[in-house]
Amino acid sequence: MIQQQKLILKVLQGEKHLPPPIWLMRQAGRHLPEYLKLRSQAKNFLNFCYSPRLCVEATLQPIRRYNLDAAILFSDILVIPDALGQQVNFISGTGPVLNPILTVKEIDELNLKPSYEKLSPIYESIEQITEKLQNFDVNPALIGFAGAPWTVATYMVEGGSSKDYQKTRKWAYESPEEFSLLIDLLVDATSQHLIQQIKSGIEVVQIFDSWAGVLSPFQFDRWVIKPTKKIIDRIKLKFPELPIIGFPRGAGLLYKRFIDQTGVDAISIDSSISLPWAIENLQKNVVVQGNLDNLSLMVGGGLMEAEIVNILAAFSKGPFIFNLGHGVLPDTPISNVERLIKLVRSVKND
Ligand code: CP3
């Protein structure tokens, strides 16, 4: 039987479609009771990510429940520092805790390449998910991902989450040559990891640069645009047709420069981006994905519905993928997600 091409892949090639395909960043995870139950089977979050049995199941849970147009591999951006030999722990209630990297000597002590042994269960999970996705009616595509070098570097240098990324930004100003050793290492590791994900079966790549918005425009060029472009060039050399979605969260007006200079096929926009600006400056050149406020989804009700209708009306004239401006929050009621999907899928071509 010849399978029809998946809706989200058609849209990523530039086709416009109503209703648009929909998936949600962080669609798997703590807002799902079935995830919390599964999660309790592994003490350590990274062990959970490295267990094909648990990873495959966590990836499929939101597809079973919501019938979304894409599954996103259940993993984390911090598997890269872990595979490079930095100590990474996830502590419940605190988040990730890493042994901070603060000197060139500490960069030199990292592995030159991410440990394949560590990451290979992820590739095995992708193979299993690809097979299992064929049994779903909506024919969902599988999205793979990695963190962008800048965002991953902030965790590696700060030793975890941070409010202002001062240590990382300071290092980048004080000694760009030193800091670029870390970024270059991450460009290599991230490219390899994404290429291996593609070889294992993923059909779309998303690059998460969650903290791109804290850099000045000049620093943004050097630490966001250039490393991202290198990764995209390397992927496209081997897989020219594979669609890549960029997500430089918080980049504001710099979103325009990002799409012009990196070579992304699609851009995921956060909720602060004005819809008319995005139509004029982004959707004319690339596929747009976004941008419902994740808090509006958590609260739900009439205001959420008005925002959904606005977003749909704004982007319906070009290629568009419905998503949030950032990931689903843990306290989000299932019924709000169901309402969102129903509303998006009720849009008609006129
Ligand atoms: O459904 C999906 O989107 C796939 C899974 C996914 C996770 N993390 C699972 C996860 C994805 C795409 C990520 C990406 C990620 N991880 C980002 C970029 C996207 C963003 O939200 O900005 C970042 C910055 C991280 C780093 C990270 N991972 C932090 C800061 C934390 C702790 C805070 C938190 O949200 O819990 C994590 C842990 C994490 N990653 C959880 C999940 C489901 C929760 C851990 C648990 O269940 O115990």
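Placed above this text is the structure.
Residues numbered from 1 in each chain as written. Predicted model: local features only at pLDDT ≥ 70, side-chain atom pairs only at ≥ 80, totals over all residues. Heavy atoms only, no water.

**Notes on the overall build of the chain**
Reasoning step 1: Scanning the chain from N- to C-terminus turns up 16 helices and nine strands.
Reasoning step 2: On the principal axes, the C-alpha backbone points of the chain span a range of 60 × 45 × 40 Å.
Reasoning step 3: Expressed as a percentage of its 350 residues, the buried residues of the chain come to 58%.
Reasoning step 4: Excluding contacts between residues fewer than 6 apart, the proportion of contacts in the chain whose partners are at least 24 apart in sequence is 73%. (Helix = DSSP H or I, 4+ residues; strand = E, 2+ residues; numbered from the N terminus. Buried < 20%, exposed > 50% of the residue type's maximum accessible area, 1.4 Å probe, protein only. Contact = heavy atoms within 4.5 Å.)

**Let's talk about the site of the ligand**
Reasoning step 1: The environment of the ligand is made up of 23 residues, and the closest members are R26, Y35, D76, S210 and H326.
Reasoning step 2: Between the ligand and R30 there is a distance of 2.8 Å, counted from an oxygen atom to a side-chain nitrogen or oxygen.
Reasoning step 3: Considered on its own, the ligand offers 870 Å² of accessible surface; in the complex 88% of this is hidden by protein.
Reasoning step 4: Where the shell around the ligand is concerned, the elements lending two or more residues are α2 (33-39) and β3 (95-98).
Reasoning step 5: Each residue belonging to the shell around the ligand can be placed in one class, and the counts come to 13 nonpolar, six polar and four charged. (Near = heavy atom within 4 Å. Polar contact = N/O pair within 3.5 Å; in protein donor to acceptor, adjacent residues only side chain to side chain. Areas by Shrake-Rupley, 256 points an atom, 1.4 Å probe, with all protein chains shown as cover. Nonpolar A, V, L, I, M, F, W, Y, C, P; charged D, E, K, R; others polar.)

**Re the side chain of Q219**
Reasoning step 1: Looking at where Q219 falls in the secondary structure, it is placed in helix α11 (residues 217-238).
Reasoning step 2: Residue Q219 is classed as buried on the basis of its relative accessible area, which comes to 6%.
Reasoning step 3: Sequence-distant contacts of Q219, defined by excluding residues within four places in its chain, comprise A172, Y173 and V224.

**What about α11?**
Reasoning step 1: Taking 1.5 Å per residue as the helical rise, α11 with its 22 residues ought to reach 32 Å, and the 31 Å between its terminal C-alpha atoms agrees with that figure.
Reasoning step 2: At I225, α11 shows its largest kink, close to 30°, and the proline P227 lies no more than four residues downstream.
Reasoning step 3: Of the positions making up α11, those classed as buried are Q219, F220, D221, W223, V224, I225, P227, T228, I231, I232, I235 and K236.
Reasoning step 4: Along its buried surface, α11 packs onto α8 (149-158), α9 (166-174), α10 (176-200), β5 (204-209), β6 (244-248) and α12 (254-262). (Expected span 1.5 Å × (residues − 1). Bend = angle between axes of the 7 residues up to and from the residue.)

**What about the environment of N139?**
Reasoning step 1: Residue placement: N139 occurs in the loop between α7 (116-133) and β4 (141-147).
Reasoning step 2: When the C-alpha atoms of N139 and A70 are compared, they prove to be 8.2 Å apart, with 69 residues separating the residues in sequence.

**Examining the pattern of salt bridges**
Reasoning step 1: One pass over the full model with this rule turns up 15 salt bridges.
Reasoning step 2: For the salt bridge of E109 with K105, the shortest nitrogen-to-oxygen distance reads 2.9 Å.
Reasoning step 3: Note that K284 and E280 form a salt bridge whose closest N and O atoms lie 2.8 Å from each other. (Salt bridge = Lys/Arg side-chain N within 4 Å of Asp/Glu carboxyl O.)

**Side note on the packing of aromatic side chains**
Reasoning step 1: Enumeration according to the criterion identifies 14 aromatic pairs in this entry.
Reasoning step 2: On the basis of an interplanar angle of 70° and a centroid distance of 6.0 Å, the ring pair of W150 and F179 is categorised as edge-to-face. Here F179 lies in helix α10 and W150 lies in helix α8, a separation of 29 residues in the sequence. Side by side, W150 and F179 carry an identical accessibility label, which is buried.
Reasoning step 3: Connected via pairs of aromatic rings, a cluster forms that spans Y35, F45, F48, F74 and F90. (Phe/Tyr/Trp six-rings, centres within 6.5 Å; stacked < 30°, edge-to-face > 60°.)

**With respect to the pairing of β4**
Every other side chain in a regular strand lies on the same face of the sheet, so the side chains alternate between the two faces.
Reasoning step 1: Counting buried positions along β4 gives seven out of seven residues, so the element sits mostly inside the fold.
Reasoning step 2: Here β4 shows two buried faces, one formed by A141, I143, F145 and G147 and the other by L142, G144 and A146.
Reasoning step 3: Summarising the sheet, strand β1 (residues 70-72) and β4 pair through three bridges and their orientation is parallel. Within β4, the position partnered with A70 by the bridge is A141.
Reasoning step 4: With five bridges joining them, β4 and β5 adopt parallel strand pairing. Bridge pairing links I143 to V204 in β5. (Pairing = 2+ DSSP bridges.)

**Focus on the environment of Q86**
Reasoning step 1: With respect to the secondary-structure elements, Q86 resides in the loop between α5 (79-83) and β2 (88-91).
Reasoning step 2: Separated by 63 residues in the primary sequence, Q86 and W23 place their C-alpha atoms 32 Å from one another.
Reasoning step 3: In this structure Q86 touches P81, L98, N99, P100, I101, L110 and M156, once residues within four positions along its chain are discounted.
Reasoning step 4: A distance of 3.2 Å separates a polar atom in the side chain of Q86 from the backbone oxygen of M156.

**As for the pairing of β3**
Reasoning step 1: In the sheet, β2 pairs with β3 via four bridges, with the strands oriented antiparallel. Following the sheet pairing, F90 is matched in β3 by P96.
Reasoning step 2: Hairpin connection of β2 to β3: three residues between the antiparallel strands, including G93 at a positive phi of 90°.

**Notes on the environment of R249**
Reasoning step 1: Position of R249 among the secondary structure elements: in the loop between β6 and α12.
Reasoning step 2: In the structure, R249 is positioned 19 residues away from K230 in sequence and 19 Å away in space, judged by C-alpha atoms.
Reasoning step 3: Setting aside anything within four residues of it in sequence, one finds R249 in contact with D209, S210, W211, A212, G213, Y255, D270, G325 and H326.

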